[in-house]
Structures are given as structure tokens and as C-alpha cells.
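# A look at the structure
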Amino acid sequence: MRNIKLTIEYDGSRYQGWSRLGKNESNNTISNKLQEVLRKMTGEFLIELYCGCRTEAGVHAYAQVVNFKTECTMDTEEIKHYLNRYLPMDIAITEVDEVPERFHAQLGVISQTYVYRMTITDVPSVFDRRHTFHCFKVPDKKAMQQAAMLLIGTHDFRNFAASKSDKSTVREIQDIDIYGDDEEMQILICADSFLHNMARMIIGTLLDIGFGSRRKEEIEEIFEGNSAASAPCDPKGLYLQEVRY
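The structure contained in this document is the topic of the report that follows. (Residues numbered from 1 in each chain as written. Predicted model: local features only at pLDDT ≥ 70, side-chain atom pairs only at ≥ 80, totals over all residues. Heavy atoms only, no water.)

### Comments concerning the nonpolar core
The tendency in soluble globular proteins is for nonpolar side chains to be buried side by side. Put simply, the rule is: We call a set of buried residues a nonpolar core when its members are Ala, Val, Leu, Ile, Met, Phe, Trp, Tyr or Cys and they connect through side-chain atoms within 4.5 Å of each other. Exposed residues in this analysis have more than 50% of their type's maximum accessible area, buried residues have under 20%, and partly exposed residues fall in between, with area computed by a 1.4 Å probe over protein chains only. A run of DSSP states H or I qualifies as a helix once it reaches four residues; a run of E qualifies as a strand once it reaches two. Both are numbered from the N-terminal end. The contact criterion used throughout is that any non-hydrogen atoms of two residues lie within 4.5 Å.
Core analysis: the biggest nonpolar cluster contains 70 residues, and L6, L34, L83, L151 and I187 have the highest contact counts within it. The element contributing the most residues to this core is helix α4 (residues 198-210), with eight residues. For L83, the residues in contact, after removing those within four places along its chain, are L6, L34, V37, L38, M41 and I93.

### Some remarks on the environment of I8
Along the chain, I8 falls in strand β1 (residues 2-10). For the pair I8 and T94, spaced 86 residues apart in sequence, the C-alpha separation works out to 5.8 Å. Those residues within four positions of I8 in sequence are excluded, and the remaining contacts are W18, L34, A61, Y62, A63, Q64, V66, I91, A92, I93 and T94.

### Considerations on helix α1 (residues 30-42)
Along an α-helix, residues three or four apart share an orientation, since each turn contains 3.6 residues. What counts, and what does not: Any helix carries an expected span of 1.5 Å times its number of residues minus one.
Given a rise of 1.5 Å per residue, 13 residues ought to cover 18 Å, and the 18 Å separating the end C-alpha atoms of α1 matches this to within 8%. Looking only at α1, the buried set comprises I30, S31, N32, L34, Q35, V37, L38, M41 and T42. Turning to α1, the residues buried within the fold contact β1, β3 (60-70), α2 (76-86) and β4 (91-99). Phi for G43, located one or two positions after α1, is positive at around 75°.

### Re the packing of α1 against α2
Under the convention used in this document: Helix axes use the C-alpha atoms of the stretch in contact, all axes being lines fitted to C-alpha atoms, and the angles between their N-to-C directions lie in the range 0 to 180 degrees. By the definition adopted for this analysis, an angle is roughly parallel if under 35 degrees, roughly antiparallel if over 145, roughly perpendicular if from 65 to 115, and oblique otherwise. Should the near helix be turned anticlockwise from the far one by less than a right angle, the crossing is termed left-handed; should it be turned clockwise, right-handed.
Relative orientation of the contacting elements α1 and α2 amounts to 125°, with a least axis distance of 10 Å. Between α1 and α2, the angle falls in the class oblique. In the crossing of α1 with α2, the sense of the turn from one axis to the other is right-handed. Of α2, the residues touching α1 (which contributes L34, V37, L38, K40 and M41) are I79, Y82, L83 and Y86.

### A closer look at the side chain of T205
Our working rule: Polar contact criterion, stated in full: a pair of N or O atoms within 3.5 Å, where within protein one must be able to donate a hydrogen and the other to accept it, and residues adjacent in sequence count only if both atoms are side-chain atoms.
Here T205 is to be found in helix α4. For T205, a relative accessible area of 1% puts it in the buried group. Within the local environment of T205, its side chain forms a polar contact with the backbone nitrogen of S230, the two atoms lying 3.1 Å apart. Apart from the residues within four sequence positions on either side, T205 is in contact with F160, I219, I222, A229 and S230.

### Here we look at the packing of aromatic side chains
For clarity, the cut-off: Think of it this way: a Phe, Tyr or Trp ring, Trp meaning its six-membered ring, pairs with another when their centres are within 6.5 Å, and the plane angle makes it stacked under 30 degrees, edge-to-face over 60, tilted otherwise.
Going through the model one piece at a time under the given rule, you end up with eight aromatic pairs. On the numbers, 5.2 Å between centres and 80° between planes, the contact of Y114 with F194 is edge-to-face. Here Y114 is found in strand β5 (residues 111-119), whereas its partner F194 is found in the loop between β9 (184-191) and α4, with 80 residues between them in sequence. With respect to class, Y114 is no different from F194; both count as buried.

### Concerning the pattern of salt bridges
Heads up, the condition is: Basic side-chain nitrogens of Lys or Arg form a salt bridge, by our definition, when they fall within 4 Å of a carboxyl oxygen of Asp or Glu.
In the structure shown here, the tally under the stated rule is nine salt bridges. In this structure, R200 engages E56 in a salt bridge whose closest nitrogen and oxygen atoms are separated by 3.6 Å. Note that R200 is positioned in helix α4 and E56 in the loop between β2 (50-51) and β3, a separation of 144 residues in sequence. In this structure R200 comes out as buried when scored by relative accessible area, which is 14%. R158 is the salt-bridge partner of D156, the closest N and O atoms lying 2.7 Å from each other. Residue class for D156 comes out partly exposed when judged on its relative accessible area of 26%. Salt bridges sharing partners connect three or more residues here, namely R215, K216, E217 and E221.

Now the structure itself:
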């Protein structure tokens, strides 16, 4: 049995995330589209995919990492060409590698990095509107950076999550960087892992602070449960940039 690792780039605009389970289970997911093509390629019905980070509905990826086991004898270049030929045009396989049997894209993660892209020009580009969030006023970058410092480190992020869980909600944010030029601002967040909607709720809160509707001191109040995090940011500007192992 071979263990195949894929690096995937996708535009998540029209998908319900990497996967969608439970009562709202949907076939319109990145994982389902990939499984359909893999089944045809390998002739194997039970293809189990493990991914580095479960992106949410509407979120994109520059470099999602996935692995699966197969008896398929095609070499890695043949696999790459086959998948890119039959997958939808908004999903691309950028790398295919054969990896040791013990490699597991979900369990071996050291860090996950998201980047949020925001345009700050007067008029939003009609070509970028599906892939960036347009700010109708320029947020206060310094205030956002000061608030971001309060998020870095190991904290209980249960109040920055959309759904409650019996599992541990303690996570470590390793870095938050806010940067940009006269046309675009970006927020980069690197953590050991993310809770459901955690990245989007953090970004939404930072943006509200940048727009002056919240104070940076409210970060501590959210951790303590004395205030609620802001609504999740618009997913169209969010990209999974890197998964490290």
C-alpha cells in the first residue's frame, strides 16, 4: 500500500468547505470532488483522505496538504496530470509525492498559517471582488497590531470559536502579522491549530478594533467571557497559506 501526499490549491468560493459533516452534510465540498476523481483513477471505492486543515465554506487555499493510501501503480507525475485533467478548474494539484507509511497529514501538523487579504483602495477591483474583502475605510493598523499582541501565546480560545466542544479549546498562536501597502492590507495568523471559525472570529474582532467600533482591551474581556468576539469575517478574503510538519 502506497502513501501519497498531495499539495492542493483551490478557490473555495463555490464550495461548502473542505468537508461538511452531520445534519448539513454536502457533496459540494473540496474533499468530495477530489474523492470522486481518485475513485475513477484508482478503481478503489474506499479512498480516505486526511487533510492538514479543514477549511470552512468559502475559504481558499494556497497549499492544502492531503494524504491517502492506494494500490494504484501510476507514478507521481501521472497522478498529478490525471487529477489536474479531471478535477474542476478551481481545484489544482501543485505537487504529488510518495511519502513514508507513517506520514499523516492531519496528525503530524506543527502549525497552520492563514492569511486574510483586504483591499483598501477607494473603489474595489471588479476582478478581485471574489477573492478579497474590501474595506470601505482604512482600518487603524497600529491599533490592530496592539490588539494582536494580546492574542499571541497559549490561551483558551473557546470564546473565539463558533461551536462549543468538550475537547480542549486551548491553542497557541505563534504569530500575528499585519502589513500592507496603499492598495491591500493583510493579516497573517500562525497557530498550532485552529478551532471552528477561530481564525475568522479573530480577524473580525481585529477589524472592528481597526475600524474603531471596539477597544483593544476587549481582547482580555473576550478571553474572560465578559464580552463576545465579533462576527466571523467574510470568508472570501481568507486563504490557508501553509501547513507545516
